[in-house]
Amino acid sequence: MKRIPIILLLFIVAIVLFACRGGETKADPEKETTSDRKTEERITDTKPVATPASPDSIGSEASSEILAKIDQYLVSTPVYTAQASGDITNVSVTIKNTLKDITFQKAIVEVTFLGPDGKTIKNGFYTIQNIEPDDTETVKIPNSKGSSITSHIVKVKSNQLTNGEMVLTGSHFDAGK
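Everything numeric in this text was worked out from a predicted model, so none of it was measured.

## Looking at the overall build of the chain
When its secondary structure is counted, the chain shows six helices and eight strands. Listing the helices and strands of the chain from first to last along the sequence gives α-α-α-α-α-β-β-β-β-β-β-β-α-β. The burial tally for the chain puts 28% of its 177 residues in the buried class. By sequence separation, contacts in the chain at least 24 residues apart represent 64% of the contacts at least 6 residues apart. Split by element, the accessible area of the chain, about 12,400 Å² in all, is 56% carbon and sulfur.

Next comes the structure, spelled out in structure tokens:
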């Protein structure tokens, strides 16, 4: 009877040792080795790097105006087919960045399905990433009930406009923050 617990104990120890095998050689993501640092310092790029406009060069007043009137600069256009049965199909929203020198790392568009009486049936929020100047991004939206769709940008993240923070825009924008 005493052999079974000893064999079981040896089996468990073997599993633990096998699972931890090589643990001391695994890379620690928080520690940077000196060889990695030297490699990064030696890498050079012969192309000139275009520096993005800093928030100071745009100006806080211009930045505030862009954020308050974001739908004029990040133009969202819903595309859909309204069926006679009251369904909306083939739904997508295209977002065009009309600004020439500002990139948006992230934007959230609110899509609202409206009934024949103009009342909201359903809202949805969709994320678009990396919208370059003069770029157009498209997001597909699931089909739903309704007779029409509206869309507008509600939040953006831009290094040039928001210092890399996600902020409310449009009618929700508060310039005092």
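Once you've had a look at it, read on.
## Structural notes on the nonpolar core
L74, I95, F104, I141 and V156 are the most contacted members of the largest nonpolar core, which has 25 residues in total. At the level of secondary structure, the elements contributing two or more residues to this core comprise α4 (60-68), α5 (70-73), β2 (87-97), β3 (104-114), β4 (120-131), β5 (136-141) and β7 (148-157). The element contributing the most residues to this core is β3, with five residues. What F104 contacts, discounting residues up to four positions off in sequence, is I70, L74, N97, L99, N130, I131, V156, K157, S158 and L161.

## Structural notes on the pairing of β4
Consecutive side chains along a regular strand alternate between the two faces of the sheet. Bridge analysis of β3 against β4 gives ten bridges, and the strand direction is antiparallel. Looking at β4, one finds that A107 is bridged to I128. Between β3 and β4, which follow one another and run antiparallel, lie five residues, and G118 among them has a positive phi close to 85°.

## A few points about the side chain of S92
With respect to the helices and strands, S92 occurs in strand β2. Residues in contact with S92, not counting those within four places in the same chain, are T77, P78, V79, T138, V139, K140 and I141.

## Let's talk about the side chain of E110
Inspection of the secondary structure assignment puts E110 in strand β3. Here E110 occupies a buried position and makes no salt bridge, while the nearest side chain of opposite charge, K155, is found at 12 Å. In contact with E110, other than residues within four places in its own chain, are N123, G124, F125, T150, S151, H152 and V154.

## Observations regarding the environment of F125
Tracing the chain through its elements places F125 in strand β4. Residues F125 and I153, 28 residues apart in the sequence, show an inter-C-alpha distance of 9.4 Å. Setting aside chain neighbours within four positions, we find F125 in contact with I108, V109, E110 and V154.

## With respect to the environment of T136
You can see T136 is positioned in strand β5. With 60 residues separating them in the primary sequence, T136 and S76 have C-alpha atoms 9.5 Å apart. Non-local contacts of T136, meaning those with residues more than four positions away in its chain, are made with T94, I95 and K96.

## Let's talk about the sheet that holds strand β8 (residues 166-168)
Taken in spatial order, the four strands line up as β4-β3-β7-β8 in an open sheet, and their pairing is antiparallel. A strand with exactly one partner marks an edge of an open sheet, and here the two such strands are β4 and β8. In this sheet, neighbouring strand axes are inclined to one another by 30° on average, regardless of whether the strands run parallel or antiparallel. Bridge analysis of β3 against β7 gives nine bridges, and the strand direction is antiparallel. Within β7, the position partnered with K106 by the bridge is K157.

Rules behind the numbers
- Residues numbered from 1 in each chain as written.
- Predicted model: local features only at pLDDT ≥ 70, side-chain atom pairs only at ≥ 80, totals over all residues.
- Heavy atoms only, no water.
- Helix = DSSP H or I, 4+ residues; strand = E, 2+ residues; numbered from the N terminus.
- Buried < 20%, exposed > 50% of the residue type's maximum accessible area, 1.4 Å probe, protein only.
- Contact = heavy atoms within 4.5 Å.
- Areas by Shrake-Rupley, 256 points an atom, 1.4 Å probe, with all protein chains shown as cover.
- Core = buried A, V, L, I, M, F, W, Y, C linked by side-chain atoms within 4.5 Å.
- Pairing = 2+ DSSP bridges.
- Lys, Arg positive; Asp, Glu negative; His and termini not counted.
- Salt bridge = Lys/Arg side-chain N within 4 Å of Asp/Glu carboxyl O.
- Axes fitted to C-alpha atoms, helices over the stretch in contact; angles between N-to-C directions.

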